[in-house]
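Examining the three-dimensional arrangement
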Amino acid sequence: MKNKAGDLISYLMIVLAGIILMILLIGITGNSISDALSGFIRGIAGSSYSVAEVFVKATPLILTGLGVSVAFKSGFVNIGAEGQLYMGAVTITALALAFPNLPKGILMPLCLLGGFLAGGVWSLIPGILKAKMGISEVINTIMFNYIALGIVGILLQTVLKDPNNYFPVSATLTDSAGLSILIPGTRLHSGILIAVICAILIDILIFKTSLGFRLRAVGMNPRACLCSGISVGKHIIISSMISGGLAGIAGVCEIAGLHHKLIEGISPGYGYLAIIVALLGGNNPFGVILAAIGIATLQVGSLSMQRAANVPSAISSIILGAIVLMLMARKTIFKKLIDKKEEQG
Amino acid sequence: MSQILLTIATFLAACIRMATPLTLAGLGEAFSERTGVMNLGVEAIMLCGAFSSFIVTFWTGNVYWGMLCGMLAGMIISGIHAILCIKCKANQTIVGLALNFFALGLTSFLFLIVFGQSTILPQCKTVPNFEFPVLGKIPLLGKAFFTHNIFVYLMYLLVFIFLFIYKKTEWGVIFTAVGEHPSAADTAGINVFRIRYLACMVNGLLGGLAGSYFTLAQLGFFMEDITAGKGYIALVTVILGRRNPLGILCSALLIGLADAVQFQLQTMNIPIPSQAFSILPYIAAVFVLLFSAGKSSDPSALGIPYERDNR
Amino acid sequence: MTVKVEEKMILLSMENIQKKFFGKYANKNVHLQVEKGKILALLGENGAGKTTLMNILYGLYQPDGGKIFWHGEEVKFESPKDAIERKIGMVHQHFMLVPTLNVSQNITLGLKETGYPLTDRKAVNRKIKSLSDQYGLIVDPEAMVSDLSVGEQQRVEIMKLLYRDAELLILDEPTAVLTRQETIGLFEVLKRLSQDGRSVILITHKIPEVMEIADMVTVMRDAESIITVPITEVDEASLAEYMIGRPLNIVEIPPRIEKRNQGFILRNLNLEEKSQTKSATVSFEIEAGEILGIAGVEGNGQKELAESILGIRHNVAEEMQLFGKDLRNHSVSDRRDAGIAYISDDRHRDGLLLDAGFMDNMLLKFHKDRRYQNNGILNKKKLNDFINRQIKAYKIKVSSPSLPVRFLSGGNQQKLILSRELCDEPKLIVACQPTRGLDIGATEFVREQLLMHRSKGACILLISADLEEILSLSDRIAVLYKGRIMGLLNNSKNIDITRIGLMMAGRNFNLNEVEIHEK
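Residues numbered from 1 in each chain as written. Chains lettered and ligands numbered in written order. Predicted model: local features only at pLDDT ≥ 70, side-chain atom pairs only at ≥ 80, totals over all residues.

So, the overall build of chain B
If you tally the helices and strands in chain B, you get 13 helices and two strands. Taking 19 Å as the expected radius of gyration for a compact globule of 311 residues, we find that chain B reaches 20 Å, a close match to that expectation. For chain B, the proportion of its 311 residues judged to be buried stands at 53%. (Helix = DSSP H or I, 4+ residues; strand = E, 2+ residues; numbered from the N terminus. Rg over C-alpha atoms; globule rule 2.2 N^0.38 Å. Buried ≥ 20, exposed ≤ 12 C-beta atoms within 10 Å, placed from the backbone.)

Looking at the overall build of chain A
Each helix and strand in chain A was counted, giving 13 helices and zero strands. Dimensions along the principal axes, computed over C-alpha positions, put chain A at roughly 65 × 60 × 30 Å. Residue burial in chain A is summarised as follows: out of 345 residues, 54% are buried.

A word on the environment of Arg214(A)
Checked against the element boundaries, Arg214(A) lands in helix α8 (residues 210–220). Between the C-alpha atom of Arg214(A) and that of Ser239(A), which follows or precedes it by 25 residues, the distance is 10.0 Å. Each residue touching Arg214(A), except ones within four places of it in the same chain, is listed here: Ile230(A), His235(A) and His367(C). (Contact = placed C-beta atoms within 7 Å.)

Remarks on the sheet that holds strand β7 (residues 168–172) of chain C
Residue and element names in this part refer to chain C. Read across the sheet, six strands follow the order β6-β7-β8-β3-β9-β10 without closing on themselves; strand pairing throughout is mixed. With partners counted over all chains shown, the strands left at the sheet margins are β6 (88–91) and β10 (224–230), one partner each. Along the sheet, successive strands turn relative to each other by an average axial angle of 15°, direction set aside. As paired strands, β7 and strand β8 (residues 199–204) are joined by five bridges and run parallel to one another. Pairing of Asp-172 across the sheet is with Ile-203, part of β8. With respect to the sheet, helix α6 (residues 180–195) is in contact with β3 (39–43), β7 and β8, its orientation differing from that of β8 by roughly 145°. (Pairing = 2+ DSSP bridges. Axes fitted to C-alpha atoms, helices over the stretch in contact; angles between N-to-C directions.)

Observations concerning helix α3 (residues 63–87) of chain B
The end-to-end C-alpha distance of α3(B), which contains 25 residues, comes to 35 Å, matching closely the 36 Å that a straight helix rising 1.5 Å per residue would cover. In the segment just after α3(B), Lys89(B) is the residue with positive phi, at about 50°. (Expected span 1.5 Å × (residues − 1).)

Re the pairing of strand β11 (residues 264–270) of chain C
Residues and elements named next belong to chain C. By the criterion of burial, β11 is predominantly enclosed, with five of the seven residues buried. Here five bridges tie β11 to strand β12 (residues 281–286), and the two strands are oriented antiparallel to one another. By the bridge assignment for β12, Asn-270 is matched with Thr-281. Here four bridges tie β11 to strand β14 (residues 319–322), and the two strands are oriented antiparallel to one another. From the neighbouring strand, Arg-267 faces β14, where its bridge partner is Glu-319.

Description of the packing of helix α1 (residues 4–29) of chain A against helix α13 (residues 315–333) of chain A
Residue and element names in this part refer to chain A. At a closest axis distance of 10 Å, the pairing of α1 and α13 adopts a crossing angle of 150°. As summarised for this structure, α1 and α13 are arranged roughly antiparallel, according to the angle between their axes. In the packing of α1 onto α13, the handedness of the crossing is right-handed. Contact with α1, carried on its side by Ser-10, Ile-14, Ala-17, Gly-18, Leu-21, Met-22 and Leu-25, involves Ile-315, Ile-318, Ile-319, Ala-322, Ile-323, Met-326, Leu-327 and Arg-330 of α13 and no other residues of that element. Considering only residue class, the contact of α1 with α13 consists of 12 nonpolar, two polar and one charged. (Parallel < 35°, antiparallel > 145°, perpendicular 65-115°, else oblique. Left-handed = near helix turned anticlockwise from the far one by under 90°. Nonpolar A, V, L, I, M, F, W, Y, C, P; charged D, E, K, R; others polar.)

Some thoughts on the nonpolar core
Grouped together as the largest cluster of nonpolar side chains are 362 residues, with contacts concentrated most on Val277(A) and Val430(C). Apart from the residues lying within four places of it in its own chain, the contact partners of Val277(A) are Leu61(A), Gly65(A), Val288(A), Ala291(A), Ala292(A) and Ile295(A). (Core = buried A, V, L, I, M, F, W, Y, C linked by C-beta atoms within 7 Å.)

Focus on the interface of chain B and chain A
At the interface, 35 residues of chain B touch 38 residues of chain A. Breaking the side of chain B that touches chain A down by element, the ones donating at least two residues are α3, α4 (92–115), α10 (230–240), α12 (275–278) and α13 (280–291) of chain B. Broken down by element, the side of chain B that touches chain A gets its largest block of residues, 15 residues, from α4(B). Its residues assigned to classes, the side of chain B that touches chain A shows 29 nonpolar, five polar and one charged.

Regarding the sheet that holds strand β16 (residues 340–343) of chain C
As a general point, the strands of a sheet are linked pairwise by backbone hydrogen bonds and lie either parallel or antiparallel. Residue and element names in this part refer to chain C. Ordered by their spatial adjacency, six strands build an open sheet running β16-β19-β20-β13-β21-β22, and the pairing between neighbours is mixed. For this open sheet the edge positions go to β16 and β22 (484–490), each flanked by a neighbour on one side alone. Strand after strand, the sheet turns through a mean of 15° between neighbouring axes, direction not considered. The sheet contact formed by strand β13 (residues 291–295) and strand β20 (residues 459–463) spans four bridges and is parallel. In the strand pairing of β20, Gly-293 is matched with Leu-462. Of the strands in this sheet, β13, β16, β19 (428–432), β20 and β21 (476–481) touch helix α9 (residues 302–310), which is tilted by about 155° from β19. Here helix α17 (residues 497–504) sits on the sheet and contacts β13, β21 and β22; the angle it forms with β21, its principal contact strand, is near 30°.

Looking at the domain arrangement of chain A
Residue and element names in this part refer to chain A. By the assigned domains, chain A splits into domain 1 (1–31 + 310–345) and domain 2 (48–299). Here the C-alpha centroids of domain 1 and domain 2 sit 29 Å apart. At the interface, four residues of domain 1 touch five residues of domain 2. Across the side of domain 1 that touches domain 2, the residue classes tally to three nonpolar, one polar and no charged. (Domains from an automatic or database assignment.)

Side note on the pairing of strand β4 (residues 65–70) of chain C
All names here are of chain C. Judged from the five bridges that link them, strand β1 (residues 10–21) and β4 form a sheet pairing that is antiparallel. Among the inter-strand pairings, Gln-18 is bridged to a residue of β4, identified as Gly-65. Two strands pair when backbone bridges link them, and β4 and strand β5 (residues 73–75) are joined in this way by three bridges, in the antiparallel orientation. For Ile-68, the partnering residue across the bridge sits in β5 and is Val-75. Between β4 and the antiparallel strand that follows it, β5, lie two residues; His-71 among them carries a positive phi value of about 55°.

Observations concerning the packing of α10(B) against helix α11 (residues 245–267) of chain B
All names here are of chain B. Their axes nearest at 8 Å, the elements α10 and α11 cross at an angle of 125°. One element, α10, and the other, α11, form an angle in the oblique class. Of the two possible hands of crossing, α10 and α11 adopt the one that is right-handed. Between α10, through Ile-233, Thr-237, Val-238 and Leu-240, and α11, the contact on the second element is made entirely by Ile-248, Ser-251, Ala-252 and Ile-255. Of the residues assigned to the contact of α10 with α11, the class counts are six nonpolar, two polar and no charged.

Notes on the confidence of the model for chain B
Confidence along chain B averages 87 in pLDDT terms, with 97% of residues attaining 70 or more. Confidence metrics for the complex model read pTM 0.84 and ipTM 0.86. (pLDDT = per-residue confidence, 0-100.)

Considering the interface of chain C and chain A
Contacts between the two partners involve 31 residues from chain C, matched on the other side by 19 residues from chain A. Of all the secondary-structure elements, those providing two or more residues to the side of chain C that touches chain A are α10 (332–337), α11 (347–351), α12 (358–366), β18 (377–378) and α14 (410–421) of chain C. Here the side of chain C that touches chain A takes four residues from α12(C), the largest share from any one element. Across the side of chain C that touches chain A, the residue classes break down as 13 nonpolar, 10 polar and eight charged.

A word on unusual backbone geometry
Although it is not a glycine, Asn310(A) adopts a positive phi angle of roughly 60°. Its location among the elements puts Asn310(A) in the loop between α12 (285–309) and α13. With phi around 55°, Asn375(C) is a residue other than glycine that occupies positive phi space. Within the fold, Asn375(C) resides in the loop between β17 (373–374) and β18. Residue Asn375(C) is classed as exposed on the basis of its 6 C-beta neighbours within 10 Å.

A short note on the environment of Phe277(B)
Residues and elements named next belong to chain B. Take Phe-277: it is sitting in helix α12. Taking the number of C-beta atoms within 10 Å as the measure of exposure, Phe-277 has 19 and is therefore partly exposed. Through-space distance from the C-alpha of Phe-277 to that of Leu-302 is 31 Å; in sequence the pair is 25 residues apart. Sequence-distant contacts of Phe-277, that is, excluding residues within four places in its chain, are made with Ala-258, Val-261 and Gln-262.

Thoughts on the environment of Asn46(C)
All names here are of chain C. Tracing the chain through its elements places Asn-46 in the loop between β3 and α1 (50–57). For Asn-46, a count of 17 C-beta atoms within 10 Å corresponds to the partly exposed category. Residues Asn-46 and Val-297, 251 residues apart in the sequence, show an inter-C-alpha distance of 6.3 Å. Among residues more than four places away in sequence, those in contact with Asn-46 are Val-297, Glu-298 and Ala-465.

Let's talk about helix α15 (residues 440–455) of chain C
Here α15(C) contains 16 residues, and its C-alpha end-to-end distance of 23 Å stays within 8% of the 22 Å for a straight helix at 1.5 Å per residue. Turning to α15(C), its buried residues are Ala442(C), Thr443(C), Phe445(C), Val446(C), Gln449(C), Leu450(C), His453(C) and Arg454(C).

See the structure below:
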């Protein structure tokens, strides 16, 4: 049996190493460590605004992380969440600008559906290429990210451009295409609710339905699926579509809840962060929520730490990257600790 | 007439300059992939190369020390990737992406620590352009191809060296074997792990050199995320160029061409969005992947950690 | 004192070799001797211990006991490199050739020839050509390995050994992948090698070929070396007897309920994907309530047969019917719905989700089943009840059904598979090596299950390389060799084991067939 205690200890040691690294880096800046840490804490818990900020940042991470983890379960490495998010954002912008007079009750669901479809289609293409032609999705999805970004840029300079604005941004969307603020005085919008609802739905789908079983089986052992009559290609395609769709919804929520117009740069690499969220969350919806909140905490806290003690907020990327790298090396570093003994098969 | 030719020559020269860092990084990545190790962390390597070369040149005033340290930094990042992927047999995709995060954070962090926030970016010395002996004197062609800085000449040399090694030497055969059928290479007595580590180190060295190009040859300063995705474009040149050194150079030139055309159009105030050109390489890459499906030219063991199969 | 020079020179002597894997003997008191310039055939069924012995010789494994003498000197080979240095070479069943390099580059891979690193290819190719002429081993140094046929690739592998001046060449089942023509060509080469003073060990299960080419033969059975004898002193029948003739523990099967129903009909299934030759096809019928055993050494088409019936492979058959329903052109899913159950010989690869628990593994079959879901949502309670019932019924020993099945013993994993595949009264059961790797209790259980379904009227196709398994379960026995049926016998207490052995080793008793040695 696996040495569970050993496993746990190795994870704790990695977290500890992360904290030590953070303190070390703060030390290098020459600024007061206590100032920095208190700034960090204030940034994430000092006021209702701060706490809300964490969840604001966590929302797109939860959604894209969910998407990536669904894909992972089927063996599809979706690095394209970034592009899929943007396609969702484009969709809501286009729909909202085209139908400004629709009541919110119709427009918002329409935009969410449209965003899901747009992100889904964007992910579907690499999915089909993998399922039907065996083309690796790793590079493909990255390429589609850049193509999506380019499309956004082109649209913002042409079709979607706000005529009254010099810069390539879209016109501000009407309130009917907006998500309401949940706590006044903060930026927390109902996107977080959408994210949590999606997590619950995905949990039900993946772990409690027969389709979900097939999606998982295909990732566990495609050969056994073949022998059992489960179509591997079809389920990779379905998985990639759901994955992209969730990222598309993330894009919709960012526009509807936060920016209220389409600009380049609504995503500071959420798509790539999503992979880390999925990894840390164990490809499990509730793990994803926790991981997303954890990463958001790190990011929001680091921003506050920068304001309070001049510690560059880039520190969060360093810690995050380092933790993932340590996780990758975990089994080798802690080999003696995690002594695996398997029963004779 | 001669004015037009001169413009073309200048244009070509610009293409070469834009293609240089992509080619350098591409050559390194192609070598790594040839032996079976895919490195998505090219971005990280280039960033660290850019940063270290900048800092060292800034402090010492010597560009050559800067170049050296750039290459060294690249090798360190690549070394981390190598150990994780070869020894720890970790997933090459995730390690690459994590390194990109790490490097972006680290370089931004260190830059801010050393230089603080300021509106004026600190500058460093840059490499001089010089005329290549003899070849530089050729009218027009000399101006286009042989009046550049040392990075460009190194690039030419490396393209040639790699071509030679791959096609004409036993080493090339060994690299192919390691990436294509590592157990055959292993049975033949070749140390698969050592070869892969070597390829990763070279990848780091060249990627670091490529990164240094941005600071020491192109811009003369460093800023956060100076590479802005060029690492991924280097991966594109590897795909478009089918891992062939000349192919990589040509793809890089084409990408440079697209860039240059885009600039030109902007200066002429033609309202075609720049993105229409900048996405072309990516679309091309997807098509190349599409058409090479089935007859895959990927080394068969690409991305798969090697384990001695002890039956 | 002068030492009398013996006429025969013993090149290699392996004495008293012992090797155990997981407590079970793979080699027990094995003796092997090869003389200079002679061809030794190492004959035996699957699992007899031949490949293990050769892997020990080649340095891939270390023996637990015993000694190896090379040129009279005791040696220890810790890795293939040691063996290669001593001029021992091996051609494995899976070739070690890099497809994207040409023949010449593959041959010199790992060597530092003149001019290294700028290898003088011309010199290399000249040497290859001279070896080629000397031994009749035709290879084109400039050809790309990926363009070569299997027979040509094998020649390259042999050339690799000659290029390194091997004194002893070990070939593991070399004719398994060759046509008759190519086999003749190979034997020509081997004859020239032995005339030149080189020795060959030929690992094989094919008796006719042993008679054709070998000078000496060593028979292995159940991890032991049974006999070593010059080919002149032995004939096919006695070799067959040595190979499989052991007091077989035959348990008698209960008499059949003669149903004479349509059952399963298979006509002219071509097991080779690329071959168009009509002669290489398989045909048979299984009546309802009958077990047809397909015997034969692995690698003769068993996998292709099972997978074609399941629909995993798309090999062409003229007819494939199950109780009147045409199965051809139907998906795996449809065929399973029609009542086909599959017990694969590689349960880890084909039949289990190792990192999942019982429920997921059961769902491999029941994911569409209306009984266990409401509108797509799984009814976990019903599933768990079902699982617990099955665990009881099949006596599966498991501490918790939610643990990854990876941690179950082989026997319990097989029971899980049976509990999944065999419930719901299958009409056709395709069972491949169902008791392989199982202890006596589990083996007995599997047997009972198959007999029970037999009495319920199912058609059972039992494919196995284990003759005891076949003999103790089958009503009729067919032997599969190189993609065709060599003969069909009724199983009885007095069945002619030697005949089966000969069929397994290549002799054709099929009245409808021409001699296998076709032109």
